Amino acid sequence: MKRVCLFIVILFSFVSICQAQIAASDFVRFLFQSQFLWDPNWSIQERKDILDVLKGGYEIKLNQSTPNQRAIYQTYFVPLFGTQRMTSVLKFFDQNVNYILKPDQAQVAKSPFTLADNMGIGLWVYHKAGFPSRSQFRFGRKVVTVRDSRAGVMRVYPRFFKSTWHVQFTGLLHEGVHSRCTGGLPQNVIDYVHNRRAGYNMRRCGHPHVKCPPGHKYQGLPACDLHPWGAYGVSGFMAHMIGMACESCDKNSFIATALHFYDRILGKYHGSDFVNAMIQLKLPPPDLSITNEIRP
Ligand SMILES: [Zn+2]
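Residues numbered from 1 in each chain as written. Predicted model: local features only at pLDDT ≥ 70, side-chain atom pairs only at ≥ 80, totals over all residues.

*Asks:* Tell me about the overall build of the protein, residues and numbers included.
*Replies:* What the protein contains, in helices and strands, is twelve helices and eight strands. Its C-alpha atoms give the protein a radius of gyration of 21 Å, near enough to 19 Å, the size a compact globule of 296 residues would have. Buried residues in the protein amount to 31% of all 296 residues. (Helix = DSSP H or I, 4+ residues; strand = E, 2+ residues; numbered from the N terminus. Rg over C-alpha atoms; globule rule 2.2 N^0.38 Å. Buried ≥ 20, exposed ≤ 12 C-beta atoms within 10 Å, placed from the backbone.)

*Asks:* Explain the sheet that holds strand 1 (residues 37-38) residue by residue, including any values.
*Replies:* Spatially, four strands are ordered 1-2-6-3 in an open sheet, and the strand pairing comes out mixed. Each of the sheet's edge strands pairs with one partner strand only, and the pair in question is strand 1 and strand 3 (116-118). As paired strands, strand 3 and strand 6 (residues 153-156) are joined by three bridges and run antiparallel to one another. Looking at the pairing, Asp117 lines up with Arg155 of strand 6. Helix-sheet contacts for helix 8 (residues 165-177) involve strand 3 and strand 6, and the interaxial angle to strand 3 is about 15 degrees. (Pairing = 2+ DSSP bridges. Contact = placed C-beta atoms within 7 Å. Axes fitted to C-alpha atoms, helices over the stretch in contact; angles between N-to-C directions.)

*Asks:* Hey, could you go over the packing of helix 8 against helix 11 (residues 251-262) for me, with residue numbers and the actual values?
*Replies:* One way to put it is that helix 8 packs onto helix 11 with a least axis distance of 9 Å and a crossing angle of 45 degrees. In terms of their interaxial angle, helix 8 and helix 11 are classed as oblique. Considering the relative orientation of helix 8 and helix 11, their crossing is right-handed. Of the residues in helix 11, those touching helix 8 at His166, Val167 and Thr170 are Ser253, Phe254 and Thr257. Residue classes in the contact of helix 8 with helix 11 are distributed as two nonpolar, four polar and no charged. (Parallel < 35°, antiparallel > 145°, perpendicular 65-115°, else oblique. Left-handed = near helix turned anticlockwise from the far one by under 90°. Nonpolar A, V, L, I, M, F, W, Y, C, P; charged D, E, K, R; others polar.)

*Asks:* Explain unusual backbone geometry residue by residue, including any values.
*Replies:* The phi torsion at Arg203 lies on the positive side, around 55 degrees, for a residue other than glycine. Of note in the backbone geometry, His207 takes a positive phi value of approximately 45 degrees without being a glycine. You can see His207 is positioned in the loop between helix 9 (187-194) and helix 10 (231-245). Take His207: there are 26 C-beta atoms within 10 Å of it, and that puts it in the buried class.

*Asks:* Requested: an account of the environment of Arg47, with residues and values cited.
*Replies:* On the secondary structure map, Arg47 appears in helix 2 (residues 44-58). Note: C-alpha distance between Arg47 and Ile100 (53 residues apart in sequence) is 9.4 Å. Excluding residues that lie within four positions of it along the chain, Arg47 makes contacts with Trp38 and Trp42.

*Asks:* Residue-level account of the nonpolar core, with values.
*Replies:* Within the largest apolar cluster, 57 residues are counted, with the highest numbers of intra-cluster contacts made by Val89, Phe93, Val153, Met154, Val234 and Met238. Sort the elements by how many residues they give to this core and helix 10 lands first, with ten residues. Those residues in contact with Phe93 that lie beyond four places of it in its chain are Leu54, Leu172, Leu173 and Gly176. (Core = buried A, V, L, I, M, F, W, Y, C linked by C-beta atoms within 7 Å.)

*Asks:* Could you give an account of the environment of Ala106, naming the residues involved and the relevant values?
*Replies:* Its place among the elements puts Ala106 in helix 5 (residues 105-110). Under the C-beta neighbour-count criterion, Ala106 is labelled exposed, with 7 such atoms within 10 Å. A C-alpha to C-alpha distance of 37 Å links Ala106 and Gly243, two positions 137 residues apart in sequence.

*Asks:* Lay out the pairing of strand 4 (residues 136-139) in plain terms, naming residues and giving numbers.
*Replies:* As paired strands, strand 4 and strand 5 (residues 142-145) are joined by four bridges and run antiparallel to one another. Looking at the pairing, Phe139 lines up with Lys142 of strand 5. Between strand 4 and strand 5, which pair antiparallel one after the other, the connecting turn spans two residues, and Gly140 there sits at a positive phi close to 65 degrees.

*Asks:* Give a detailed account of the environment of Arg70, specifying residues and quantitative values.
*Replies:* If you trace the backbone, Arg70 turns up in helix 3 (residues 67-81). For Arg70, a count of 14 C-beta atoms within 10 Å gives the class partly exposed. Taking the C-alpha atoms as reference points, Arg70 and Ala245, 175 residues apart in sequence, are found 9.8 Å from one another.

*Asks:* Residue-level account of helix 3, with values.
*Replies:* Its 15 residues place the ends of helix 3 20 Å apart at the C-alpha level, agreeing with the 21 Å of an ideal helix rising 1.5 Å per residue. Within helix 3 the residues assigned to the buried category are Ile72, Tyr76, Phe77, Leu80 and Phe81. In the core, the buried residues of helix 3 are packed alongside helix 4 (86-96), helix 10 and helix 12 (274-279). The positive-phi residue at the C-terminal boundary of helix 3 is Gly82, with phi of around 100 degrees. (Expected span 1.5 Å × (residues − 1).)

*Asks:* Outline the pairing of strand 6, listing residues and values.
*Replies:* Along strand 6, one buried face is formed by Val153 and Arg155 and the opposite face, lined by Met154 and Val156, is buried too. Sheet topology places strand 2 (residues 99-101) next to strand 6; three bridges connect them, and they run parallel. Within strand 6, the position partnered with Tyr99 by the bridge is Val153.

*Asks:* Just give me the short version of the packing of helix 10 against helix 11, but keep the residues and values in it.
*Replies:* Running from N to C, helix 10 and helix 11 point in directions that differ by 155 degrees, and their axes come no closer than 7 Å. As summarised for this structure, helix 10 and helix 11 are arranged roughly antiparallel, according to the angle between their axes. The handedness of the crossing between helix 10 and helix 11 is left-handed. Residue-level inspection shows Tyr232, Ser235, Gly236, Ala239, His240, Ile242 and Gly243 of helix 10 in contact with helix 11, the latter providing Lys251, Phe254, Ile255, Thr257, Ala258, Phe261 and Tyr262.

So, in structure tokens, the structure goes:
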């Protein structure tokens, strides 16, 4: 009996090691295929720290056990990411983030609480509004002009490196969503920016946040979303799905992150908030389509 038990333990260890190695080799393949352009100011250790966050995603195995979970995956997760695997989430990030910038000290001082941001679409709007110098960013010794909505120009701030892994991973995906100009850029945004006026509405181009309403925990801060499948909805949903279905991860931390993001989604869907509408499959389908078109 003891021998059988020992054999099972050895077999289980062997399978675990094999699974870890398969995940690692998948991740190496992903890195070879990825298009990330690294700010030369990053140290090797800092790059490794960011890549380790992504690598952690490869090691997550999802296991949807109930029919309702499988229905949620089919209805929302697959349309968002293409498949039910975590590799698709990583691919989504790769497709939407190209430049990984290290902010300078002045930028860090301006945003002491920011983990990461994505300035790609903002720079593209300046390009469209006829301000070429404001549509540029410095990348090492080069100056890059943004001429495409999906430039994917993400900055990662010092606070990111002090956060827990599940917050970092969710945050990276969140920044990817900000590269999607869904529905096109409204013409009046270009006119407003051209005339140096504030107060324009980007609609879903870049999925910008809106100010949270009076009474909200983040009242007055641009930390809420008007539509369900914006940056908070997509990244919160991913965290929620991992928390529900991962085989070995800190489920509670992922669920807590999801709820923290869901609280920022304003509006009701069939009379329910985001999470209840999603569980009942009543949420409108996700739309993260992308276009460089200018719309009326
Ligand atoms: Zn955001």
